[in-house]
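A closer look at the structure
Single-letter residue listing:
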Amino acid sequence: MSKQSIFGRMSQLMRANVNAMLDRAEDPEKMLDQMVRDFTNNIAEAEEAVAQTIGNLRMMEDDYREDLDTARSWGQKALAASRKADEFRAADDPADAEKFDNLAKVAIQRQMDSESSARSAEPTIQSQREIVDKLKQGLEQMKTKRQQLISKRDELVARSRAAHAQSQVHDAVKSIDVMDPTSEVGRFEEKIRREEARVRGQNELTASSLDAQFESLEDLGEQTEIEARLAALKGGASAPAALGTGAGESGTGVTEADLAGLAELGSALEGNEQQK
């Protein structure tokens, strides 16, 4: 049972795959054209069969008419022989009269045979005529169906081509629709936006780096000024003029109060450094 089930499933799977391949390979226009060709071939075969049947009927009708003609001919011969016999009998010639009477009998027998053959052919001929009429009607119906198939084929092919054209137009419009995020233009726009965002990020990084460099330059300038003033003090120069004093006023010496203030400033700076 298990093997049969497996084989059955494999067979069903193979049929499904084959049918799927056939469905994908089917071209409606080609399939309809093939249907028209097949139907046309069927009509040609039917026409040949009907023509053969009609030919047989015409042969039987010819034989029937020939039997009737033969029967009439023998009837005329019998009548002529009978009249001849009457003439000989009237001329008191019984021998010749009997001779022609016998010929008349033979002609009548032949006439009866021909009439019998014609009568026996009548039912067959009538039946064949009915068959031929039905075959002709069927053939005309097939031709009508073929014309309908051709018209339907033209309609379906036109609809298939129109649907295919609409699909192509839809795909083309979709590929260039700037409002559709799934289109090619939308994809390119998204890519450019990402590139612009990356450039903005780089600009921000560059700006922050420049600000840091300028801040370091300012700190360096202040430190340079401090070192220059310290060097000037060590060299015995007078102290720099304090802010808010006149140009001619400058310190000439350092008092104890100034030293005490500097000591407090140093202690405060050391405390700040330790806290950092």
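Quick notes on the rules
Residues numbered from 1 in each chain as written. Predicted model: local features only at pLDDT ≥ 70, side-chain atom pairs only at ≥ 80, totals over all residues. Heavy atoms only, no water. Helix = DSSP H or I, 4+ residues; strand = E, 2+ residues; numbered from the N terminus. Contact = heavy atoms within 4.5 Å. Phe/Tyr/Trp six-rings, centres within 6.5 Å; stacked < 30°, edge-to-face > 60°. Lys NZ or Arg CZ within 6 Å of the ring centre and 35° of its normal. Buried < 20%, exposed > 50% of the residue type's maximum accessible area, 1.4 Å probe, protein only. Lys, Arg positive; Asp, Glu negative; His and termini not counted. Salt bridge = Lys/Arg side-chain N within 4 Å of Asp/Glu carboxyl O. Core = buried A, V, L, I, M, F, W, Y, C linked by side-chain atoms within 4.5 Å. UniProt positions renumbered as here; feature names shortened; annotations may be inferred.

Moving on to the side chain of S114. Among the structural elements, S114 can be located in helix α3 (residues 94-175). Look past the residues within four positions of S114 in its chain and what remains in contact with it is D67, T70, A71 and W74.

Turning our eyes to something else, we now look at the packing of aromatic side chains. Under the defined criterion, the tally for this structure stands at 1 aromatic pair. When the centroid spacing of 5.3 Å and the interplanar angle of 20 degrees are considered together, the rings of F88 and F100 count as stacked. A residue pair is termed long-range when its members are at least 10 positions apart, and F88 in helix α2 (residues 28-90) and F100 in helix α3 qualify at 12 residues. Its end group placed over the ring of W74, K77 keeps NZ or CZ at 4.4 Å from the ring centre.

Let us now look at the side chain of D67. Following the sequence through the fold, D67 ends up in helix α2. There is no salt bridge for the buried D67, and the closest opposite charge comes from R119, which lies 11 Å off by N-O distance. Every residue in contact with D67, bar those within four places of it in the chain, is listed here: S114, S117 and A118.

Time to look at the environment of Q147. With respect to the helices and strands, Q147 occurs in helix α3. Relative accessible area serves as the criterion here: at 46%, Q147 is assigned to the partly exposed category. Distance from Q147 to V36, taken between C-alpha atoms, is 9.2 Å for residues 111 residues apart in sequence.

On to the pattern of salt bridges, then. Scanning all chains against the criterion turns up 13 salt bridges. Ionic pairing is found between D62 and R65, a salt bridge with its closest N-O pair at 2.4 Å. Here the residue D62 and the residue R65 both occupy positions in helix α2, the gap between them amounting to 3 residues, near one helical turn. On the accessibility criterion, D62 (41% relative accessible area) is partly exposed. Residue classification places R65 among the partly exposed positions, given a relative accessible area of 43%. What you see here is one network of salt bridges that share partners, running through D33, R153 and D154.

One finds V50, I54, L57, Y64, A118, A121, I125 and V132 forming the largest nonpolar core, which totals 8 residues. For this core, the elements supplying multiple residues, two or more each, are α2 and α3. Excluding residues within four positions of it along the chain, L57 makes contact with I125, Q128, R129 and V132.

Positive phi outside glycine occurs at D92, with the angle close to 60 degrees. Structurally, D92 is set in the loop between α2 and α3. D92 gets classed as exposed once you look at its relative accessible area, which sits at 67%.

Bringing the UniProt feature "coiled-coil region" (unreviewed entry) in the protein into the picture now. Under the UniProt annotation, "coiled-coil region" (unreviewed entry) lies at residues 36-63 and 125-159. With 100% helix and 0% strand, the stretch residues 36-63 has end C-alpha atoms that lie 40 Å from each other. Measuring from the first to the last C-alpha atom of residues 125-159 gives 50 Å, for a span that is 100% helix and 0% strand.

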